[in-house]
Every structure is written in C-alpha cells, then in structure tokens.
Amino acid sequence: MQTTKSVFVCGNYGYRTGQIDGQTIKTRVLREGFAEILGGDNARELDTSYLTVNPIRFGKEARRCIRECSHIVMLPGDRSLKLILPLFVYWTRKWNRPLWYVVIGGWLPDLLARKRWLRRLCSRLNALYVETPTMASRLSKLGLPRVQVLPNFR
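Numbering of residues begins from 1 in every chain and follows the order in which that chain's sequence is written. At least 70 in pLDDT is required for a residue's local features to be given in this predicted model, at least 80 for side-chain atom pairs to be given and counted, and no such filter applies to totals for whole chains, interfaces and linings, which use all residues. Derived side-chain values reflect all non-hydrogen atoms in the structure, with water molecules and hydrogen atoms excluded from consideration.

Engineer: Looking at this model, I keep getting lost on the overall build of the protein. Mind explaining?
Structural biologist: The helix count covers DSSP runs of H or I at least four residues long, the strand count covers runs of E at least two residues long, and both are numbered beginning at the N terminus. Along its length, the protein carries 6 helices and 6 strands. Element order for the protein, N to C, with α for helix and β for strand: β-α-β-α-β-α-β-α-α-β-α-β. The dimensions of the protein, computed from C-alpha atoms along their principal axes, are 40 × 35 × 30 Å. Buried residues are those whose accessible area, probed at 1.4 Å on protein chains only, stays under 20% of the maximum for their type, while exposed residues exceed 50% and partly exposed ones sit between those limits. A total of 154 residues make up the protein; the buried ones form 45% of that total. The contacts of the protein with a sequence gap of at least 6 include a subset with a gap of at least 24, amounting to 68%. His is not counted here, nor are the chain ends, while Lys and Arg score as positive and Asp and Glu score as negative. Where a charge sits is defined by one atom per residue type, namely NZ (Lys), CZ (Arg), CG (Asp) or CD (Glu). Within the protein, one finds 26 positive and 11 negative side-chain charges whose respective centroids are separated by 11 Å. In what follows, a contact means two residues having at least one pair of non-hydrogen atoms within 4.5 Å.

Engineer: Could you clarify how one ought to interpret the nonpolar core in this entry?
Structural biologist: Across soluble globular proteins, you tend to see nonpolar side chains buried next to one another. Residues belong to one nonpolar core when they are buried, are Ala, Val, Leu, Ile, Met, Phe, Trp, Tyr or Cys, and are joined through side-chain atoms within 4.5 Å. In this structure, Phe8, Met74, Leu85, Phe88, Leu108 and Leu128 are the most contacted members of the largest nonpolar core, which totals 35 residues. Looking at which element gives the most residues to this core, the answer is helix H3 (residues 78-94), with 6 residues. Ignoring any residue separated from it by four or fewer positions in sequence, one finds Leu128 in contact with Tyr101, Val103, Leu108, Leu139, Leu144, Arg146, Val147 and Gln148. Residues Val7, Val9, Leu30 and Ala35 belong to the second largest nonpolar core, which totals 10 residues.

Engineer: Sorry if this is basic, but what is going on with the environment of Arg93 here?
Structural biologist: Positionally, Arg93 belongs in helix H3. Taking C-alpha positions, Arg93 is 9.2 Å from Arg124, a pair spaced 31 residues apart along the chain.

Engineer: When you look at helix H6 (residues 133-141) in this model, what are you seeing that I'm missing?
Structural biologist: Each α-helix turn comprises 3.6 residues. Residues three or four places apart therefore point the same way. Every buried residue of H6 is accounted for by Met135, Ala136 and Leu139. Projected onto a plane normal to the axis of H6, the buried residues spread over an arc of 100° and lie on a single side. Exposed residues pointing more than 90 degrees away from the buried face of H6 are listed as Pro133, Thr134 and Lys141. Of the surrounding elements, those touching the buried residues of H6 are helix H4 (108-114), strand E5 (127-130) and strand E6 (147-149). Where H6 ends, the next residue or the one after it, Gly143, has phi of about 95°, a positive value. The directions considered for the arc are those from the helix axis to the C-beta atoms.

Engineer: In this structure, what is going on with H3? I would like to understand it.
Structural biologist: Expected helix span is computed as 1.5 Å times (number of residues minus one). The end-to-end C-alpha separation of H3 is 24 Å, in line with the 24 Å expected for 17 residues at 1.5 Å each. Fitting one axis to the seven residues ending at a residue and another to the seven starting there, the bend at that residue is the angle between the two axes. Ile84 marks the point of greatest bend in H3, at about 40°, and the proline Pro86 comes within the next four residues. Listed in full, the buried residues belonging to H3 are Ser80, Leu81, Ile84, Leu85, Phe88, Val89, Trp91 and Thr92. On the buried face of H3, the contacting elements are strand E1 (7-11), helix H2 (55-68), strand E3 (71-75), strand E4 (99-102), H4 and helix H5 (116-122). With its phi angle positive at about 55°, Asn96 sits one or two positions after the end of H3.

Engineer: I keep staring at the layout of surface pockets and nothing clicks. Help me out?
Structural biologist: Once rolled over the atoms, a probe with the size of a water molecule shows which space is left empty. In the cavity and pocket records, a cavity denotes points on a 1 Å grid over the protein atoms alone where a 1.4 Å probe fits but cannot get out, a pocket denotes an open set with protein on both sides within 12 Å along at least 5 of 7 lines, and lining residues are residues with an atom within 4 Å of a point. Grid points are joined across faces, edges and corners, and a volume is the space filled by probe spheres set on the points. Roughly 310 Å³ of internal volume is contained in the largest pocket. Forming the walls of the largest pocket are 15 residues, and the residues nearest its centre are Asn12, Thr48, Ser49, Arg79 and Ser80. With 4 residues, H3 is the single largest residue contributor to the lining of the largest pocket. Looking at side-chain class alone, the lining of the largest pocket contains 3 nonpolar, 9 polar and 3 charged residues. Taken together, Leu46, Asp47, Tyr50, Val53, Asn54, Arg57, Phe58 and Glu61 form the lining of the second largest pocket. Looking at the lining of the second largest pocket, the elements that each hand over two or more residues are strand E2 (43-47) and H2. Gly counts as polar in this scheme, as do all residues outside two lists: the nonpolar Ala, Val, Leu, Ile, Met, Phe, Trp, Tyr, Cys and Pro, and the charged Asp, Glu, Lys and Arg. Of the residues belonging to the lining of the second largest pocket, the class tally is 4 nonpolar, 1 polar and 3 charged.

The structure is reproduced here in structure tokens:
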C-alpha cells in the first residue's frame, strides 16, 4: 500500500561498517531532511552497505519500499549502481514511481561513457542530480536528459 507523500532513500549510510565520509554524511543528511519535512515514518531508508552481505534480503526490502513509497531517491556508489539500477528502474516503472539519482562524486560520466547499458538505464530516471556544472555538461553530451546540478553541501 502506497503512503501519500513518502520517500524511500537508498544509499550508503555506513551503518554496517561504521564508515563516516562524504558519501555517508550526504546520504544521512538527505534522508534526515526528508524525515523532517514529511515526518520520520514517511522517510524510509535502506543501506547499500548491506547489499553484499545479504543481497536477497536487500532486494526484497528494496522492492517492498519501492512498492510502498511514493518517491524513490537513490545515492549508490559505482559498485552498487550496477546492481541496483536495473532493479530500481524496473520496479519504479512497474509501480509508476518517480526515481531520482543523487550522484556523489565525479566518477559517473566516465563510467557511463564506457557502459552503454547503464547509460540507457540512467536515461529513464526522472532526474539525475550531479554536484558540478561540468558533470552536468558531460552527461548531457552523452545524451542523458533531465540532468540537474545540486551542489555539494556541508
């Protein structure tokens, strides 16, 4: 059952490893911002650091959250992107949910230049948020629509 105005934020929170860096902090701050606006119960999270520990359980939880939430935001790193993007694109299309990708770091244009299949999947995102205008320009030149600049925050 879909909850009105709910968000599912999937990214590396670093809970399993105790990791604290730019990626985990940005993911946590973004999720906390949604929780503050929508209420804690309407901002769900899933930590991609558990993806390799138990991929079946991770997949089931991600599927359930996508089915139940009205908006989907993902912040995967390069390794987890290859695993979760195909699933997330499929499930969000199946249940008619918007999917936003907030990119952390500057590696995505190089990866998508080499991986056409990932580029095709990224073209199906509702929005792709990158940290710099240079990244936005490089992604647009690769043919990706709906690229927006969301500067890094501290």
